[in-house]
Amino acid sequence: MLTFKPIEPQDAQWVTPLLHASGYMTSTYAFVTLYLWSKAYDTQVARFGDHVIARSHRGGIFHYLYPSGHGDEKATVDAIIEDAKAQSEPTWLYGVSVEAKQRLEQWYPGLFTIEAVRDDYEYIYDRAELADLPGKKFQKKRNHVSRFIRENPDWEFHPITEESLPLVRQFNREWAALADNKDDPGIQMEHEAIEMVFDHYTELPIEGGYITAGGRVVAYSFGSAINDRIFDTNVEKALYEVNGAYNIINREMARQVCARYEMINREDDVGSEGLRKAKLSYNPIIIEPKYRAVLNK
């Protein structure tokens, strides 16, 4: 039997090692990602043996994150199925990798309808490439960075600390209130999620930085580890009118925050054609598939 509880910052101590244990590459296996969206999606967590299970409820559907941890994985999926069958609403397993999909098909023939969700595929980059922007394929990105530096000779990168957090929070609030953002439901939902993370920033396994130029903040970003090899960029914001602001925060995070990682996951494109084009323009080395397994009750 599974016993779920609301996810809290202190759960990072036991949840994080189990999320890292299976070596999955997507952002759903970073504790900060789960916590960031926990209020919006009513996310709760449970431990079953040496596996962690996250369960969300939204849109009249129960969503279970494919479990991660050590030991008998099938027994853990069995426990999810038992819990799911007790619910009156539809049930999905989400964040299912190619390998996990194959195991589900082998263990439970016909029990799940499994489909790829292209809008959820995640874009993973070589960290050194984002830091150095080498070669012809990054020429346009280098040009944007060069223009930013030329137009903002006093620019600086700073880590987000407890002392600097109020400054970053104020920037984030002003960014969310911009004319193009204040009436966007998705941006406002994300804003509330970011505010919750900022309330507990020093308690979470999170790292970030911000850029100043001309005496003001022009960009910031934060993220967390998916595992020892991959850093997940949870949030990245910059002033639209400052040329190259997004490019410089991207580069400096890769250089100064993510130096110990091999790869950086910049998450999915939510089905936005513009966002997909932008993510492809940074030349991902992996576009990681994600599957949805719908339980046939």
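Here, the structure is the one placed above.
For clarity, every value in this text was computed on a predicted model and none was experimentally measured. (Residues numbered from 1 in each chain as written. Predicted model: local features only at pLDDT ≥ 70, side-chain atom pairs only at ≥ 80, totals over all residues. Heavy atoms only, no water.)

Participant: How should the overall build of the protein chain be read in this particular structure?
Facilitator: A count of helical and extended segments in the protein chain gives 11 helices and 15 strands. Against the compact-globule benchmark of 19 Å for 297 residues, the protein chain has a radius of gyration of 20 Å, which places it among compact chains. Viewed in the frame of its principal axes, the protein chain has a C-alpha envelope of about 60 × 40 × 35 Å. Here the protein chain holds 297 residues, and the buried ones make up 55% of them. For the protein chain, the share of sequence-separated contacts (at least 6 apart) that also reach a separation of at least 24 residues comes to 72%. In the form shown here, the protein chain has an accessible surface area of approximately 13,600 Å², with 49% of it arising from carbon and sulfur atoms. In the protein chain, the 34 positive side-chain charges and the 45 negative ones have mean positions that sit 6 Å from each other. (Helix = DSSP H or I, 4+ residues; strand = E, 2+ residues; numbered from the N terminus. Rg over C-alpha atoms; globule rule 2.2 N^0.38 Å. Buried < 20%, exposed > 50% of the residue type's maximum accessible area, 1.4 Å probe, protein only. Contact = heavy atoms within 4.5 Å. Areas by Shrake-Rupley, 256 points an atom, 1.4 Å probe, with all protein chains shown as cover. Lys, Arg positive; Asp, Glu negative; His and termini not counted. Charge placed at Lys NZ, Arg CZ, Asp CG, Glu CD.)

Participant: Sorry if this is basic, but what is going on with the pattern of salt bridges here?
Facilitator: Pairing between side chains of opposite charge can happen when the charged atoms of each approach one another. Throughout the structure, instances matching the rule amount to 25 salt bridges. The partner of glutamate 8 in a salt bridge is lysine 5, and the shortest N-O contact between them spans 3.1 Å. Relative accessible area serves as the criterion here: at 33%, glutamate 8 is assigned to the partly exposed category. Judged by its relative accessible area of 29%, lysine 5 falls in the partly exposed class. Between glutamate 207 and arginine 260 there is a salt bridge, and its shortest N-O distance comes to 2.8 Å. Taken together, the residues span a long stretch of sequence, with glutamate 207 in strand β10 (residues 207-213) and arginine 260 in the loop between α10 (245-257) and β13 (263-265) at a distance of 53 residues. Given the relative accessible area of 55%, arginine 260 is considered exposed. (Salt bridge = Lys/Arg side-chain N within 4 Å of Asp/Glu carboxyl O.)

Participant: Looking at this model, I keep getting lost on the nonpolar core. Mind explaining?
Facilitator: Core analysis: the biggest nonpolar cluster contains 94 residues, and Tyr66, Leu93, Leu104, Phe112, Ile211, Tyr220 and Phe222 have the highest contact counts within it. When near neighbours in sequence (up to four residues on either side) are disregarded, tyrosine 220 contacts Ile160, Val168, Phe171, Asn172, Ile194, Phe198, Gly209, Tyr210, Val235, Glu236, Lys237 and Ile249. (Core = buried A, V, L, I, M, F, W, Y, C linked by side-chain atoms within 4.5 Å.)

Participant: Is there a simple way to think about the environment of glutamate 156 in this case?
Facilitator: When you line up the elements, glutamate 156 lands in strand β9 (residues 156-159). Along the primary structure glutamate 156 and alanine 213 are separated by 57 residues, whereas in three dimensions their C-alpha atoms are 6.7 Å apart. When sequence neighbours within four positions are dropped, the list of residues in contact with glutamate 156 reads Tyr210, Ile211 and Thr212.

Participant: Hey, could you run me through α10 in this one?
Facilitator: Spacing of three or four residues puts side chains on the same side of an α-helix, whose turn is 3.6 residues. Given a rise of 1.5 Å per residue, 13 residues ought to cover 18 Å, and the 17 Å separating the end C-alpha atoms of α10 matches this to within 8%. Burial of α10 is extensive: 10 of the 13 residues sit out of reach of the surface. Buried within α10 we find Ala245, Asn247, Ile248, Ile249, Asn250, Arg251, Glu252, Met253, Ala254 and Val257. (Expected span 1.5 Å × (residues − 1).)

Participant: Where do I start with the pairing of strand β2 (residues 44-48) in this structure?
Facilitator: Remark: a regular strand shows side chains that alternate across the two faces of the sheet. Across 2 bridges, the pairing between strand β1 (residues 5-6) and β2 is antiparallel. Its bridge partner lying in β2, lysine 5 is registered against valine 45. Turn length for the β2-strand β3 (residues 51-58) hairpin, with the two strands adjacent in sequence and antiparallel, is 2 residues, and the turn residue glycine 49 shows positive phi of about 60°. (Pairing = 2+ DSSP bridges.)

Participant: Just to check I follow, could you spell out the packing of helix α8 (residues 165-176) against helix α9 (residues 185-199) for this structure?
Facilitator: Relative orientation and spacing of two packed helices are given, respectively, by the angle between their axes and the distance between those axes. Between α8 and α9, the least distance of the axes is 10 Å, while the angle of their chain directions is 170°. Considered as vectors, α8 and α9 are oriented roughly antiparallel to each other. Note on element contacts: α9 touches α8 through Ile187, Gln188, His191, Ile194, Glu195, Phe198 and Asp199, opposite Leu165, Val168, Arg169, Asn172, Arg173, Trp175 and Ala176. Taken together, the residues of the contact of α8 with α9 sort by class into 7 nonpolar, 3 polar and 4 charged. (Axes fitted to C-alpha atoms, helices over the stretch in contact; angles between N-to-C directions. Parallel < 35°, antiparallel > 145°, perpendicular 65-115°, else oblique. Nonpolar A, V, L, I, M, F, W, Y, C, P; charged D, E, K, R; others polar.)

Participant: I'm lost on the pairing of β3 in this one. Help?
Facilitator: Most of β3 is tucked away, with 6 of its 8 residues classed as buried. Sheet analysis places β2 next to β3, joined by 5 bridges and oriented antiparallel. Bridging from a neighbouring strand, alanine 46 pairs with isoleucine 53 of β3. Bridge analysis of β3 against strand β5 (residues 68-69) gives 2 bridges, and the strand direction is antiparallel. Pairing of histidine 51 across the sheet is with glycine 69, part of β5. The turn linking β3 back onto strand β4 (residues 61-65) is made up of 2 residues, and glycine 59 within it adopts a positive phi angle of 60°.

Scope: geometric values only; no functional claims are made or implied.
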